[in-house]
Amino acid sequence: MAFNFQTFKTRALTALLFVVVMLLGLLWNFWSFVVLFTVIHFGCWYELVKLIKKIYAGKYLLYCLFGLIYITMPVLMVIDLYKIRTFNVYDTYFIIGKGLIPIVIIVSIWINDTMAYLVGSFIGKTPLTTISPKKTWEGTIGGIVLSIATIGISVYFITDFTGAAIYSMIAAVLSSIFGTLGDLFESKLKRMADVKDSGSFMPGHGGFLDRFDSLLFAVPAVWIYVQLFLK
């Protein structure tokens with residue numbers, strides 16, 4: 001495929017703007033975080049309804065109730081995770097930075113996606129699933145391993161606390177595995193609706209569900225882990 005500079009420019013500028021907006025929403029304060037995920041929530045809902053209309057036609061309203069579990073619940077959970085400032089290990093409470101858990105989830109997903117693509121491009125030979133033919137077992141495993149390692153080393157370097165690194169690595173494992181499942185689930189929805197992208201709010205990158213499909217599956221997994229073992 002010939003290199004198209006205009007397409008590359010569009011994708012690069014869109015990605016840069018996306019990263020800036022995400023960082024502002026994640027790092028500024030609690031309310032910027034809430035606004036960011038409110039926009040994500042309604043953007044994902046809008047695209048889900050469009051997909052379900054294509055799949056189920058006249059019965060789509062009933063199936064749209066699934067969005068309460070698929071979209072609304074994870075958004076409420078990630079806001080709850082943002083507010084957690086301590087975690088309990090063997091009756092000892094440790095203070096963590098505000099928003100640290102959502103940031104770990106999102107960064108884990110980004111690293112996993114990027115590394116899975118790179119590892120799969122170089123050594124991937126075994127298809128993961130027919131739902132997404134370009135994904136390979138080699139890329140998937142490589143992405144998970146590199147995500148865990150990167151998160152663990154980074155958190156230890158920042159906090160100088162082995163416990164924080166270990167629990168962050170567990171969160172990275174959950175985020176990477178369930179994030180991949182979320183990606184595959186959304187790919188299945190798009191196949192059923194016979195569309196390439198869920199939307200077009202990011203030129204060259206697709207829609208809200210294309211960007212946040214992994215997050216919608218990863219957040220509940222990490223939230224349950226935190227509730228069971230760290231509170």
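Refer to the structure above for everything that follows.
About the thresholds
- For every chain, the first residue of its written sequence is number 1, and the numbers climb from 1 along that sequence.
- The predicted nature of this model means local features are confined to residues of pLDDT at least 70 and side-chain atom pairs, given and counted, to a pLDDT of 80 or more, with totals for whole chains, interfaces and linings taken over all residues.
- Each side-chain value is derived from all of the structure's non-hydrogen atoms; neither hydrogens nor water enter the calculation.
- For the purposes of this entry, the term helix denotes a DSSP run of H or I that reaches at least four residues, the term strand denotes a run of E that reaches at least two, and both are numbered from the N terminus.
- Nitrogen and oxygen atoms within 3.5 Å of one another constitute a polar contact, given that in protein one can donate a hydrogen and the other can accept it, and given that sequence-neighbouring residues count only through two side-chain atoms.
- Whether two residues touch is decided by their heavy atoms; if any such pair falls within 4.5 Å, the residues are in contact.
- Like charges within 9 Å and nonpolar side chains (Val, Leu, Ile, Met, Phe, Trp, Tyr) within 5 Å are joined into patches, using only residues over 30% in relative accessible area that form no salt bridge.
- Residue-level accessible areas treat just the shown protein chains as cover; the underlying method is Shrake-Rupley with a 1.4 Å probe.
- By salt bridge we mean one thing: a side-chain nitrogen of Lys or Arg within 4 Å of a carboxyl oxygen of Asp or Glu.
- Whether a residue is buried, partly exposed or exposed follows from its accessible area with a 1.4 Å probe, protein chains only, as a fraction of its type maximum: under 20%, in between, or over 50%, in that order.
- Simply put, an axis is a line fit to the C-alpha atoms, just over the touching stretch for a helix, and the angle between two N-to-C directions goes from 0 to 180 degrees.
- Should an angle lie under 35 degrees it is considered roughly parallel, over 145 roughly antiparallel, and from 65 to 115 roughly perpendicular; all remaining angles are considered oblique.
- In this classification, the charged set is Asp, Glu, Lys and Arg, the nonpolar set is Ala, Val, Leu, Ile, Met, Phe, Trp, Tyr, Cys and Pro, and all remaining amino acids, among them Gly, are polar.
- Pairing of aromatic rings covers Phe, Tyr and the six-membered ring of Trp, with a centre-to-centre limit of 6.5 Å; geometry is then stacked below 30 degrees between planes, edge-to-face above 60, and tilted otherwise.

S.K.: Looking at this structure, I do not really get the side chain of Ser-176. What am I missing?
M.R.: Summarising the element assignment, Ser-176 is placed in helix H7 (residues 162-193). Within the structure, Ser-176 has its side chain in polar contact with the side chain of Ser-147 (distance 3.2 Å). Non-local contacts of Ser-176, meaning those with residues more than four positions away in its chain, are made with Ser-108, Asn-112, Ile-144 and Ser-147.

S.K.: Please clarify how a nonpolar patch on the surface should be interpreted in this entry.
M.R.: A cluster of nonpolar side chains, namely Tyr-56, Leu-62, Tyr-63, Leu-65, Phe-66, Leu-68, Ile-69, Met-73 and Met-192, defines an oily patch on the protein surface of about 840 Å² accessible area. For the nonpolar patch, the secondary structure elements donating two or more residues are helix H3 (60-64) and helix H4 (67-83). Element by element, the count of residues in the nonpolar patch is highest for H4, at three residues. Turning to its location among the elements, Ile-69 is positioned in helix H4. What makes Ile-69 exposed here is its relative accessible area of 52%.

S.K.: Would you explain the packing of helix H2 (residues 30-56) against helix H8 (residues 208-229) in this entry?
M.R.: To describe two helices that pack against each other, one gives the angle between their axes and the distance between the axes. Interaxial distance between H2 and H8 falls to 10 Å at its minimum, and their mutual angle equals 110°. Classified by the angle between their axes, H2 and H8 sit roughly perpendicular to one another. Between H2 and H8, the contacting residues are Phe-37, Val-39, Ile-40, Gly-43, Cys-44, Glu-47, Leu-48 and Leu-51 on the first element and Phe-208, Leu-209, Phe-212, Leu-215 and Leu-216 on the second. Taken together, the residues of the contact of H2 with H8 break down into 11 nonpolar, one polar and one charged.

S.K.: It is not clear to me how the packing of aromatic side chains should be interpreted in this structure. Could you clarify?
M.R.: The geometry of an aromatic ring pair is captured by two quantities: the separation of the ring centres and the angle between the planes. This model, assessed by the stated rule, comprises 11 aromatic pairs. Centre to centre, the rings of Tyr-70 and Phe-185 are 5.2 Å apart; their planes meet at 65°, and the pair counts as edge-to-face. One end of the pair, Tyr-70, is in helix H4; the other, Phe-185, is in helix H7, with 115 residues separating them in the sequence. Taking the relative accessible area as the measure of exposure, Phe-185 reaches 27% and is therefore partly exposed. Clustering of aromatic rings is evident, with ring pairs tying together Phe-30, Trp-31, Phe-33, Phe-37 and Tyr-82.

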